Every structure is written in C-alpha cells, then in structure tokens.
Amino acid sequence: MIRQLTSSERQNAAVIAIAVAIVGLAMAAVGRTDVLGVHGVMVMLFAGAVLFYVLSGLYQPEPTEDRETSYYDDPIKVGIVLSMAWAVFGMFMGVWVAAQLAWPNLAFDAGWSSFGRLRPTHTTGVIFGFGGNALIATSFHVVQRTSRARLAGQLSPWFVLLGYNLFCLLAVSGYLIGVTQSKEYAEAEWYADIWLVIVWVTYFILYLRTIARRKEPHIYVANWYFMAFILVVAILHIVNNLALPISWGHAKSYTVWPGVQDAMVQWWYGHNAVAFFLTAGFLGMLYYYLPVRAQRPIFSYRLSILSFWGITFFYMWAGSHHLHYTALPHWVQTLGMTFSVMLLVPSWASAGNALLTLNGAWHRVRDDATLRFMMAAAVFYGISTFEGSFLAIRPVNSLSHYTDWTVGHVHAGALGWVALITFGSLYTLVPSLWKRERMYSAALVEVHFWLAIAGTLIYVFAMWNSGIIQGLMWRTYTEEGALAYSFVDSLVAMYPYYIARAFGGLLFLIGAVVGCYNIWMTVRSAPLAAPLNADVPIAPAVAGE
Amino acid sequence: MPEIFHRKLERSAIGLVIAIIAAASVGGIVEIAPLFTIDETVEEAPDMRMYTPLELAGRNIYVREGCYACHSQMIRTLRDEVERYGPYSLAVESKYDRPMLWGSKRTGPDLARVGGKYSDFWHVAHLTNPRDVVPESNMPAYRWLARTSLKMEDLPLHLAAQKALGVPYTDEMVENAARDAYGQATPDTDFAAGVATRYGDETQVSAFDGVKTDVTEMDALVAYLQILGRLTGAAYENTAAPEGKPNPEG
C-alpha cells in the first residue's frame, strides 16, 4: 500500500502522524487523571502505529509515473476490511445487550459491562463502524468509476479512512469508560466531535475534487446521494454537538441547547442521521451496485430526481415526530407528522425504482444471492419507510412510542435495509476490487443471505409483538376505570420476546461472520491472470493533468 | 422543462452542493429557530430552582450509565400516563437540563416524577441489586456506585460551565460547589447548613446511601433521583393534576 505513495507523500504522512501524536500527547498532559488523558494516550498509540508503518516503508520502491492512469483502490480495500471487522464487533455487542435484557446478570460487576454503557457501543459500532466504513469505501469506489477519474488525492483518502476510524475508537472506548454526551447516535464528546469535523471536511473536499476531475459530463445519481450524505451529516453533526467543555483538561461538556430546544435539536439530528447517514449514503450504494449486478440500467431517471430532492427536502422536517404528546409545542409536532407522511412518496419512489430496475433480471435474483441481498434490501426499505410514516402519525405514535415497536422499526431498517444493501454491495465489489472472478463460495453467500433474512424476520416480529403488547397493556383499563396492569406486569410479558430477539440477532451475527470468512478466502484465492475487462479511467488527454 | 433544468444542474458539482444545502436547511430553520423566539414555548415557573452540585453530579452519573436508554423523563399528555406517573411534563421542568433526558424507550418506567416516591433506602437497595426489591426486574445492578467515591473537586468547573450557558448559578454557588456537594450528603456537618442557605430550605440533605463518612456516587445518584419532578411545582398548579405535589419530607 505504501508503494502507491511517492517519497514526499510518505514524508507528509509521517508529518501528519507526528502532528496527531503531539495532539494526543497534549491531551494526555492536560487531561492527566481525567478520562481525557486516557484518550490522549490512545490517540498517541494510534498515530504511533501509523507512523511506524509509514517509516518502515519509507524506502520502498516509488510508484511508477503512470499512477494517474489507474484507479486508487487500496483505501477501499482497507475500508472493506475495517467495515466487516466493525460489523462483527457491533453486532456482537448488540447480541450481548439483547441477552442482558432477558438475563440481566450477564454482566461483570463493573461499570463498563452494564447495559447502559454497552448499548451505545452497539449503536456506534454498527452505524458508524460498520455502516460508515462501508460508506467511505463504496463512495471512493463509486465516485471513481462513475467519474472515470482517480481519487483527487493520494494521502487524503487514507486520512479520511484512518481518521474516521480513530473517531470511532474514541467514541466506543469512551462509552465503556464512562464518556458520553447521551445524545442519541452522537454520544462522543467534544474533542472527538472536533476531530470528526476535520476528517469530514477533508472527505468533502476530496469528494468534490474527484467529481471535478470527471470525464463524464453528468454527475451520476449515486454521487448526488453520497454528496448529500457528506454535506448534511456535516451540518447535523456541527449543530447538534455545539457544547461547552467544563475545561480543556476534561472530557465532560455541556450542550449549548437546553431542555425543549435540545430535544428538538437532538431529534432533528437523530432522525436525519437516519436520513442522510443510513438512507442517502446507502441509496448511493443501491444506485450503483444494484444496476451493475443486475446488468440493467436504472428504471427511471425522473423517479431518481423526484426521490432525491424529496428525501433531501422532506426529511429535515420529520424529526419532531419523535416528540409527540411531549412538552414540545404542538405546531412543531404537527409539522413533523405531516412531513413524515409525505416522505412516503420519495421513499417509495426509490424503492420502486430499485425493484423495477430488476425487471428483466428476475432470473438473476433467483440464482444470485448477491443480487437477492439488494432486492431484499429494497423491499425492506419500502416496508420500513412505510412503517416510519405510519408510526409518525400522532395517534399511532401514542401506542408505539416508548415501546419495543420503535426498536423493531429501527432494526427493520438497519438490518433489512442498511446491512443487506451493504452485504450485497460488498459481495459485488470484493471480487472486482481484488481482481477475482467471483466470491470464494457462492454457497456461503447463499447461507449468509438466509441467516440474515431469518435473523431480521425473527427480530422484527418479536419486537412488533412485544411493542404492541406493551403499548396495549399500558393503556388497558379495568371496568372500574383503573389501570389494569402495573408496569412490572408489562415487563414480565416481554421476556419471551427478548429471548427471541436475542436469537434473531445471533443469527444475523453468525451470517456476518460467514461473510467475513468468505471475503477473507476470496482475497486469499489466486487472482485472475488477466483482468476480465479494463477497469481503468480514461487516460488523461493532456499529460500532467 | 424541469428535467432539462436538472440535466443542467447535475453537470455542476457546486450547483448541486448549493442546491442540497438550500433544500436541507429549510426544515431545521423553520422548526428550531422559533423555539427560541416564541415565549409560550417554555412556561413561567418562578419557584423553579437549579440542581444542587450533588444532584448535578448525580445527573451526570445517570447520563454516564446510560439510564436514559431505558427510562424516559417525559410524561405525555395521555390519560393513562398521567394516571400512572403523575401530571404531564412541562417544558419549563427541563429548562436547566443540558442535555435533556426525555428518553424514547421505556424498558423501565418513566422517572419524571419519581422524586419522593420511594425512600433513599429503597433506591440504594434497588440500585445495588434491583431483583432484591423487584424480583421480575431486568435492570442492571449498580453495585460499584456505592464503592466509588464521588469526584467533587471538579464541581466548580461544572457549575461555571452551566452558568456560562445561562443557568443562573451565583458566583458563591460556583465557588462552594464542592463543599455543598459534600454537605448535602453529610447532614449535621458545617457544610450541610450552606446547602440550605444557597439552594433553599426544602433541599433534601441526607446521607443518601446510609453512610455519613464518605460521599459516593450512590449518594449523588440517589440525590438526583429524589429531586426528579420536584424542581418546580408548576406541573401541579397549571394542569389537571390528579394528586397534590408530594411532600418533600415524604
């Protein structure tokens, strides 16, 4: 990998690593006994490891002159490996916390292993670790292929990828040692948030410069989604995380948003993390890998435009549906509900566009589990966006809110849509990236597919049942007009579903492990003697462009 | 026509960037900005007090341990919720909450009005091992809280940061934050008297975890749980409350 960098680029990499290590040292020095000091040491170790790698390869042969005539795939390969590693970690944490709900003593007598600290390691591990790395890797791949241009930087892709993973490590380790802002999907503290802004701005500039190099007149629809993902996540992240640290030497900070305004900002962020991280980015994947795998063009250009702008505009209004019947003013709740219902139109336009693209390729869906992953993802996308609009309706929400139904809804989207589209995309991408004819084992892709589907269905059905039962028990009255059930009665009714949910999650985790093995064996297998077709950008017209 | 326009737009990266920012900004601005300008958003509550340093420390432990993942602090305007938990929550009750802890999942019950509902002793037993007092419970045990001394020397920094953000702590409160935290958990000491002077006579001063010699994280967390829903009586005055405000001594 270091062979792709010139010696001056290697020196720059070393300088950046040293700079990051110095920041880590400063954090350790001012943090001292505070947990900030622990994170300072972690930053130093991370930067030190990168520095060691760069220095040990400092005198390797330099890349050839014609580097610009090929795509830059090394960071994508590493991104895929990191993504799968985070998947196993994050899903294992998910199974563990799910099991703790059924068997609360499945913890050690120490803070780090209790439910409240493990839960954000699960959500961050799967959303940002697994999902985020997959998004970075596939966006680097898609933007190069659809622009017919090499990434507009040699170091910056590595800075984005490794810097992002450093953020994830700081976040996840922080929760275990008790560092959290408690903001849903934005728990990491101020210093990690500032670091992510630096990484993210680099990502945005890299992406924009690569698009500017394109040899195609039009920007392909997948890139619209990746751009919306990068841009809007930056806006959301900065606004939601505005906070005042109690001092430069402490990890703890207080958000600038108080009470009801904080509630609105948190759910404006929270729901749009779903929209622009877990939807827009993954729609970018769908719009490239599904047509590639199906060997069919996207069904409708107009539907693509409609759904893209619909999602970009409508989603940002929907967050307040998380706050129905609360102390948030009624008018904001109503706006959130209205836009949530309207969101069904662009959402189904996307899902329909994906499924109609498969017309003429349904025999491939039958025979090819990789394409079936993406088909199932589009179906679950349709189901969970319908469910989302439905749950956002105020009277429905009065039953579903605070119950497991919400958790089931999130997982219908996260397992059924986000994870399935990712696996389908990775199984398409891995053989082409490593220049293999196909995945090591088509049978194992098939096994993974059925484990994932079974796991998702068991999980979602368990949570639908528990959520609806819970909601009904809370509001059931006796004939005398008294509440029929105590809270504990409703909890006791949940146990069978908590066990079923943990089992469904376990199946999903096993599927991911099978996927890791398959990807590993594919990478280890012998490469093709000659590439099937020339996977290179158009050579620059003018040398030195 | 719109299609022709879009064919032009998608040839320009900067054009797309600007269009995305414009489309995505509207919703947030329309929904968030007025929450700061419309006066009725947060009710008036002249009797509202701030968290004492010990309660604030307890709140930070509540945040650290992720209690909000299973317990809401937001009673909705629904009959069954009001009858189960008490008067529905008002915006003013979380006026000083940074972050807010309204929550979105009830694996356990709502805690918005749990203050005063159970004794300190019950809370300590429950946090030490929930199944000792509620056999069906699936809540984690928090035994280490009683073993861990509370870090109090940083508390002036905490109050100063809150003050800078607009919580009306006085300089005296900031200065005495560590002493007040110690005093609130050690009745009969000189420090205890200062807490009542600065935060009001109704402030509960108690050896929350039953041990008077050491201030632990258990003290702080129980102090916080006991103040939940009791910073102001506004919810009992302005709403159809089925019960009176609980007695602070209860």
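Residues numbered from 1 in each chain as written. Chains lettered and ligands numbered in written order. Predicted model: local features only at pLDDT ≥ 70, side-chain atom pairs only at ≥ 80, totals over all residues. Heavy atoms only, no water.

Naming follows an unreviewed UniProt entry, where chain B appears as Cytochrome c oxidase cbb3-type subunit 2 of Aminobacter carboxidus.

In the annotation of an unreviewed UniProt entry, chain A is listed under the name cytochrome-c oxidase and assigned to Aminobacter aminovorans. You can read under Subcellular location (unreviewed entry) in the UniProt record for chain A the words "Cell membrane". Of chain A, the UniProt comment under Pathway (unreviewed entry) reads exactly: "Energy metabolism; oxidative phosphorylation." (UniProt positions renumbered as here; feature names shortened; annotations may be inferred.)

Draft legend 1. Geometry of the packing of helix H4 (residues 115-147) of chain A against helix H5 (residues 156-177) of chain A. Residues and elements named next belong to chain A. It is the contact of H4 with H5, at a shortest axis distance of 9 Å, that shows an interaxial angle of 175°. It follows from the interaxial angle that H4 and H5 lie roughly antiparallel. Counting all contacts with H4, which are made through Arg117, Leu118, Pro120, Thr121, Thr124, Gly125, Phe128, Gly129, Gly132, Asn133, Ile136 and Phe140, the residues of H5 involved are Pro157, Val160, Leu161, Tyr164, Asn165, Cys168, Ala171, Val172, Tyr175, Leu176 and Ile177. (Axes fitted to C-alpha atoms, helices over the stretch in contact; angles between N-to-C directions. Helix = DSSP H or I, 4+ residues; strand = E, 2+ residues; numbered from the N terminus. Parallel < 35°, antiparallel > 145°, perpendicular 65-115°, else oblique. Contact = heavy atoms within 4.5 Å.)

Draft legend 2. Geometry of the interface of chain B and chain A. Facing 85 residues of chain B, the contacting portion of chain A comprises 94 residues. For the pair chain B and chain A, the summed buried area comes to about 7900 Å², and 65% of that belongs to carbon and sulfur atoms. Among the residues chain B hides against chain A, the three largest losses belong to Glu31, Arg76 and Arg84 of chain B. Together they make up 10% of the total. The interface formed by chain B and chain A includes five salt bridges. The shortest N-O distance in the salt bridge between Asp404 of chain A and Lys105 of chain B comes to 3.1 Å. Put simply, chain B and chain A have 33 residue pairs in polar contact (both at pLDDT 80 or more) between them. Mapped by element, the contributors of at least two residues to the side of chain B that touches chain A are helix H1 (2-9), helix H2 (13-32), helix H3 (34-37), helix H4 (53-64), helix H5 (79-85), helix H8 (144-147) and helix H9 (155-164) of chain B. Broken down by element, the residue count for the side of chain B that touches chain A peaks at 15 residues, all from H2 of chain B. Partitioned by chemical class, the residues of the side of chain B that touches chain A number 42 nonpolar, 19 polar and 24 charged. (Buried area = accessible area lost by both parts, 1.4 Å probe. Salt bridge = Lys/Arg side-chain N within 4 Å of Asp/Glu carboxyl O. Polar contact = N/O pair within 3.5 Å; in protein donor to acceptor, adjacent residues only side chain to side chain. Nonpolar A, V, L, I, M, F, W, Y, C, P; charged D, E, K, R; others polar.)

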